[in-house]
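Overview (structure and organization)
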Amino acid sequence: MKTAFSTLGCPGWSWDEIFATAKDLGLDGIEVRGVENEMFAPSIRAFNEKHLDETRARLEKAGMEIPMLTSGACLGLSGDSGRCMDEAKAYIDLAKKLGTPYVRVIITPNAAPMEGENILQVKRLYTELCAYAKGTGVAVLLETSGELADSSKMREFMRDVDLETGGVLWDLHHPYRFFGESPAKTWENIGEWVRYLHVKDSAMQDGKLVYRMMGYGDVPVFDALKILSDHGYQGYVSLEWLKRWCPDLQEPGIVFAHYASYMGYLKNQLK
């Protein structure tokens, strides 16, 4: 299994700082979800036409990659879907240039299920994106969030998806926290489509969700890793630390170093 962190966890860092930290921690990749004040990946300086080749070469020399461009394209909201589709397609185009295998899309901006999710629309738009990605080497991954954090519903959704261009981003936190699913249950339902894993830890405190550093909450991260290992998973385990949306969370330098150390410990337990 490979390790990465999402840039969502370090909103104040430059690309150089992000790159240096990932390299120093011995991580395999960097998941891109905004850099500094720019959330739209094609507009990030390191990925524009002038700097893209240099960025790719620098990553390759360091033995790292960008495994995921995490778009904010929401496919399940009623109204103007054109903007979200334009964003997702721009991410697919950039992923092809970067050699990035995955682009993430979601149902709504909220991780938890919410009223008004239009799953029929999600299906139509997602099918269109998978067709757009055909032949690019990029797969469009739908995250286990919203109504589709219920893995039984995600299973039904994914049944006829093209495995070349589609798949699931398993955010371990959401099925566990919102639907009470064990990792074994989630894997039983959607394991054949899982291409990527998001991890974060949390606990319920006085009826409220509180995010915590890895190992300080009750999310069964090791159980999920054991299942993945037993099934020969060779993909990424990426830390999604929600610092950009929750600025009071611990600072990224501390959290990323802890994550790298903790993941090393857990992977040793799998041997």
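See the structure printed just above.
Residues numbered from 1 in each chain as written. Predicted model: local features only at pLDDT ≥ 70, side-chain atom pairs only at ≥ 80, totals over all residues. Heavy atoms only, no water.

**Structural notes on the overall build of the protein**
The condition is simple: Numbering of helices and strands runs from the N terminus, with a helix taken as a DSSP run of H or I at least four residues long and a strand as a DSSP run of E at least two residues long. Atoms counted for the radius of gyration: C-alpha only. Globule rule: 2.2 Å times the number of residues to the power 0.38. Whether two residues are in contact is decided by their heavy atoms, any of which lying within 4.5 Å being enough. All accessibility values rest on the Shrake-Rupley procedure with a 1.4 Å probe; residue burial counts only the protein chains present in the view.
Scanning the protein from terminus to terminus reveals nine helices and 10 strands. The C-alpha radius of gyration of the protein comes to 17 Å, within 12% of the 18 Å expected for a compact globule of 271 residues. Its C-alpha atoms put the protein at 45 × 45 × 35 Å along the principal axes. Look at the contacts in the protein between residues 6 or more apart in sequence, and 77% of them connect residues 24 or more apart. Roughly 11900 Å² of accessible area belongs to the protein as shown, and the carbon and sulfur atoms make up 48% of that amount.

**Digging into the nonpolar core**
This is how the line gets drawn: By nonpolar core we mean a set of buried residues, namely Ala, Val, Leu, Ile, Met, Phe, Trp, Tyr and Cys, connected to one another through side-chain atoms within 4.5 Å. Categorising residues by exposure relies on relative accessible area from a 1.4 Å probe, with only protein chains included: less than 20% of the type maximum marks a residue as buried, more than 50% marks it as exposed, and the intermediate range marks it as partly exposed.
Membership of the largest hydrophobic core comes to 89 residues, with the highest contact counts inside it found for Trp15, Phe47, Leu69, Val105, Tyr126, Leu197 and Leu225. If one sorts the elements of this core by residue count, helix 3 (residues 82–98) sits on top with eight residues. Non-local contacts of Tyr126, meaning those with residues more than four positions away in its chain, are made with Leu75, Val105, Val140, Leu141, Leu142, Phe157, Met158, Val161, Gly166 and Gly167.

**Here we look at helix 5 (residues 151–158)**
Worth spelling out the cut-off: Note: the arc covers the axis-to-C-beta directions of the helix.
For helix 5, every residue scored as buried is listed here: Ser151, Met154, Phe157 and Met158. Seen along its axis, helix 5 keeps its buried residues to an arc of 110°; they face one direction. Residues of helix 5 that are buried in the fold lie against helix 4 (119–133), strand 5 (139–143), strand 6 (166–171) and helix 7 (183–190).

**A few points about the packing of helix 3 against helix 4**
Here is the rule: For every element, the axis is a line fit to its C-alpha atoms; helices are fit only across the contacting stretch, and the angle between N-to-C directions ranges from 0 to 180 degrees. Angles are sorted into four bins: roughly parallel if under 35 degrees, roughly antiparallel if over 145, roughly perpendicular if 65 to 115, and oblique for all others. Each crossing is labelled by how the near helix is turned from the far one, with a counterclockwise turn of less than a right angle marking it left-handed and a clockwise turn marking it right-handed. Residues are sorted three ways: Asp, Glu, Lys and Arg are charged, Ala, Val, Leu, Ile, Met, Phe, Trp, Tyr, Cys and Pro are nonpolar, and all the rest, Gly among them, are polar.
Between helix 3 and helix 4, the least distance of the axes is 10 Å, while the angle of their chain directions is 25°. By the angle between their directions, the pair helix 3 and helix 4 is classed as roughly parallel. You can see that helix 3 and helix 4 cross each other, and the crossing is right-handed. Seen from helix 3, the contacting residues are Met85, Ala88, Lys89, Ile92 and Asp93; seen from helix 4, they are Leu125, Glu128, Leu129, Tyr132 and Ala133. Per-class residue counts for the contact of helix 3 with helix 4 are seven nonpolar, no polar and three charged.

**Details of the packing of helix 7 against helix 8 (residues 221–230)**
At their nearest, the axes of helix 7 and helix 8 sit 9 Å apart, and the two run at 35° to each other. Handedness of the helix 7/helix 8 crossing: right-handed. Residue-level inspection shows Pro183, Ala184 and Trp187 of helix 7 in contact with helix 8, the latter providing Asp223, Ala224, Ile227 and Leu228. Taken together, the residues of the contact of helix 7 with helix 8 sort by class into six nonpolar, no polar and one charged.

**Some thoughts on the side chain of Glu87**
Note the following rule: Note that His is not counted, nor are the chain ends; the positive residues are Lys and Arg, and the negative ones are Asp and Glu. Within this document, salt bridges are pairs made up of a side-chain nitrogen of Lys or Arg and a carboxyl oxygen of Asp or Glu, the two lying within 4 Å of each other.
With respect to the element layout, Glu87 can be found in helix 3. Arg83 provides the closest opposite charge to the buried, salt-bridge-free Glu87, at an N-O distance of 4.3 Å. The residues contacting Glu87, other than those within four sequence positions of it, are Phe40, Ser71, Gly72 and Ala73.

**Some details on the environment of Arg58**
For clarity, the cut-off: In protein, a polar contact means a hydrogen-donor-capable atom and an acceptor-capable atom, both N or O and within 3.5 Å, with residues adjacent in sequence counting only if both atoms are side-chain atoms; elsewhere, any N or O pair within 3.5 Å suffices.
Examined against the element boundaries, Arg58 turns out to sit in helix 2 (residues 52–61). The partly exposed category is assigned to Arg58, whose relative accessible area is 32%. Sequence-wise, Arg58 and Met39 are 19 residues apart; in three dimensions their C-alpha atoms are separated by 22 Å. Ignoring sequence-local partners within four residues, the contact set of Arg58 consists of Trp15, Asp16 and Phe19. At 2.8 Å, the side chain of Arg58 and the side chain of Asp16 are in polar contact.

**Quick look at the pattern of salt bridges**
Applying the stated criterion to the full structure yields 16 salt bridges. A salt bridge links Asp16 to Arg58; the shortest N-O distance between them is 2.8 Å. Taken as a pair, Asp16 in helix 1 (residues 15–24) and Arg58 in helix 2 lie far apart in primary sequence, 42 residues in all. In this structure Asp16 comes out as partly exposed when scored by relative accessible area, which is 45%.

**Some words on the sheet that holds strand 6**
The condition is simple: Strands pair, by our definition, only if DSSP identifies at least two bridges between them.
One open sheet holds the eight strands; their spatial order is 2-1-10-7-6-5-4-3, and the pairing between them is parallel. Here the strands that pair on one side only, and so sit at the sheet edges, are strand 2 (29–31) and strand 3 (68–74). Strand-to-strand twist across the sheet, computed as the mean angle between neighbouring axes with direction ignored, equals 30°. When strand 1 (residues 2–6) meets strand 2, the two strands line up parallel, connected through three bridges.

**Describing the environment of Ala149**
Tracing the sequence through the fold places Ala149 in the loop between strand 5 and helix 5. C-alpha of Ala149 to C-alpha of Glu49: the two residues are 100 residues apart in sequence and 36 Å apart in space. With near-sequence residues (within four places) excluded, Ala149 lies in contact with Thr144, His174, Pro175, Phe179 and Glu181.

Coordinates in, geometry out; function isn't part of it.
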